[in-house]
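If you want the building blocks of each chain, they are given just below.
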Amino acid sequence: MMADELSEKAVHDVHTKEIDLVNRDPKHLNDDVVKIDFEDVIAEPEGTHSFDGIWKASFTTFTVTKYWFYRLLSAIFGIPMALIWGIYFAILSFLHIWAVVPCIRSYLIEIQCISRVYSICIHTFCDPLFEAIGKVFSSIRATVRKEI
């Protein structure tokens with residue numbers, strides 16, 4: 001009775017665990033892809049500078065637009081995309097568990113039988129032949145002389 005309650009609680013906790021609203025990329029999946037700041041996209045080299053006010057306004061416009069447009073897109077498409085990706089990974093998991101792994105295991109079991117028969121044939125027919133050829137060539141001596 002106690003073990004059933006613990007397993008039910010463990011299953012329930014997996015789906016309702018608390019998420020971290022501060023660190024939303026704990027496994028650092030997007031460190032090298034989407035951490036794009038103003039300086040990564042727009043830069044003015046020495047000798048070619050715009051007015052300071054224009055530079056500041058450009059920075060603010062870029063940063064605020066990127067921030068709010070991302071929020072708008074994620075508000076519109078976030079839940080539908082989460083649904084699509086959830087379905088996709090569920091199908092992928094299902095196929096992997098119920099089709100791919102059983103096929104691979106079945107293949108390995110079948111190939112093991114064939115491998116044993118192949119190994120017996122090789123040891124029966126090829127090993128003696130190669131041993132005889134090795135004995136024939138083992139009596140050959142080669143010397144290298146350097147003549148001047």
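Residues numbered from 1 in each chain as written. Predicted model: local features only at pLDDT ≥ 70, side-chain atom pairs only at ≥ 80, totals over all residues. Heavy atoms only, no water.

Under an unreviewed UniProt entry, the name given to the chain is Caveolin, and the organism recorded is Ploceus nigricollis. Recorded in UniProt under Function (unreviewed entry), the annotation for the chain is "May act as a scaffolding protein within caveolar membranes. Interacts directly with G-protein alpha subunits and can functionally regulate their activity." Its UniProt record, at the heading Sequence similarities (unreviewed entry), says of the chain: "Belongs to the caveolin family." (UniProt positions renumbered as here; feature names shortened; annotations may be inferred.)

A.B. asks: Quick question: what am I supposed to make of the overall build of the chain here?
C.D. replies: Regarding its fold elements, the chain presents 3 helices and 0 strands. Looking at the chain residue by residue over its 148 residues, the buried ones come to 1%. When the accessible surface of the chain is summed, it comes to about 14,500 Å², and 68% of that surface belongs to carbon and sulfur atoms. (Helix = DSSP H or I, 4+ residues; strand = E, 2+ residues; numbered from the N terminus. Buried < 20%, exposed > 50% of the residue type's maximum accessible area, 1.4 Å probe, protein only. Areas by Shrake-Rupley, 256 points an atom, 1.4 Å probe, with all protein chains shown as cover.)

A.B. asks: Teacher, can you tell me more about the UniProt feature "transmembrane region" (unreviewed entry) in the chain here?
C.D. replies: What UniProt calls "transmembrane region" (unreviewed entry) maps, in this numbering, to residues 68-101. End-to-end, the C-alpha atoms of residues 68-101 are 44 Å apart, and along that stretch the chain is 100% helix and 0% strand.

A.B. asks: Would you take a moment to explain helix α3 (residues 52-138) for this structure?
C.D. replies: Residues that lie three or four places apart on an α-helix share one face, since the helix turns once every 3.6 residues. Helix length check: α3, at 87 residues, gives a terminal C-alpha distance of 86 Å against a target of 129 Å (1.5 Å per residue), a shortfall beyond 12%. By the largest-angle criterion, Phe77 marks the main kink of α3, which is about 50°, and a proline, Pro80, follows within four residues. (Expected span 1.5 Å × (residues − 1). Bend = angle between axes of the 7 residues up to and from the residue.)

A.B. asks: I'm lost on a nonpolar patch on the surface in this one. Help?
C.D. replies: A cluster of nonpolar residues, Phe69, Leu72, Leu73, Ile76, Phe77, Met81, Ile84, Trp85, Tyr88, Phe89 and Leu92, forms a patch on the protein surface that exposes about 1,100 Å² of accessible area. Among the secondary structure elements, Met81 is positioned in helix α3. (Patch = residues over 30% accessible without salt bridge, like charges linked within 9 Å, V, L, I, M, F, W, Y side chains within 5 Å. Salt bridge = Lys/Arg side-chain N within 4 Å of Asp/Glu carboxyl O.)

A.B. asks: I'm lost on the confidence of the model for the chain in this one. Help?
C.D. replies: A low pLDDT means the predicted coordinates there should not be read in detail. Looking at the chain, the pLDDT average stands at 86 and 89% of residues meet or exceed 70. The secondary-structure element of the chain with the lowest mean pLDDT is helix α1 (residues 2-16), recorded at 59, while α3 shows the highest, at 94. (pLDDT = per-residue confidence, 0-100.)

A.B. asks: How do you make sense of the packing of aromatic side chains when you look at a structure like this?
C.D. replies: The geometry of an aromatic ring pair is captured by the separation of the ring centres together with the interplanar angle, meaning the angle of the planes. Per the stated rule, a full pass over the model turns up 7 aromatic pairs. Judged by centre distance (5.4 Å) and plane angle (90°), the rings of Phe38 and Phe59 are edge-to-face. Of this pair, Phe38 sits in helix α2 (residues 38-41) while Phe59 sits in helix α3, placing them 21 residues apart in sequence. With relative accessibility at 36%, the residue Phe59 sits in the partly exposed group. The structure contains a cluster of three or more aromatic residues connected by ring pairs, namely Phe38, Trp55, Phe59 and Phe62. For Arg71, the ring lying beneath its charged end belongs to Trp68, and the centroid distance is 5.3 Å. (Phe/Tyr/Trp six-rings, centres within 6.5 Å; stacked < 30°, edge-to-face > 60°. Lys NZ or Arg CZ within 6 Å of the ring centre and 35° of its normal.)

A.B. asks: In this structure, what is going on with unusual backbone geometry? I would like to understand it.
C.D. replies: With the exception of glycine, most residues fall at negative phi, and the peptide bonds are largely trans. Even without being glycine, His28 reaches a positive phi, approximately 55°. Mapped onto the elements of the fold, His28 is located in the loop between α1 and α2. By relative accessible area, which is 48% here, His28 ends up partly exposed.

A.B. asks: When you look at the environment of Asp37 in this model, what are you seeing that I'm missing?
C.D. replies: Residue position: Asp37 is located in the loop between α1 and α2. With 22 residues separating them in the primary sequence, Asp37 and Phe59 have C-alpha atoms 9.2 Å apart. Excluding anything up to four places from it in sequence, Asp37 contacts Phe62 and Lys66. (Contact = heavy atoms within 4.5 Å.)

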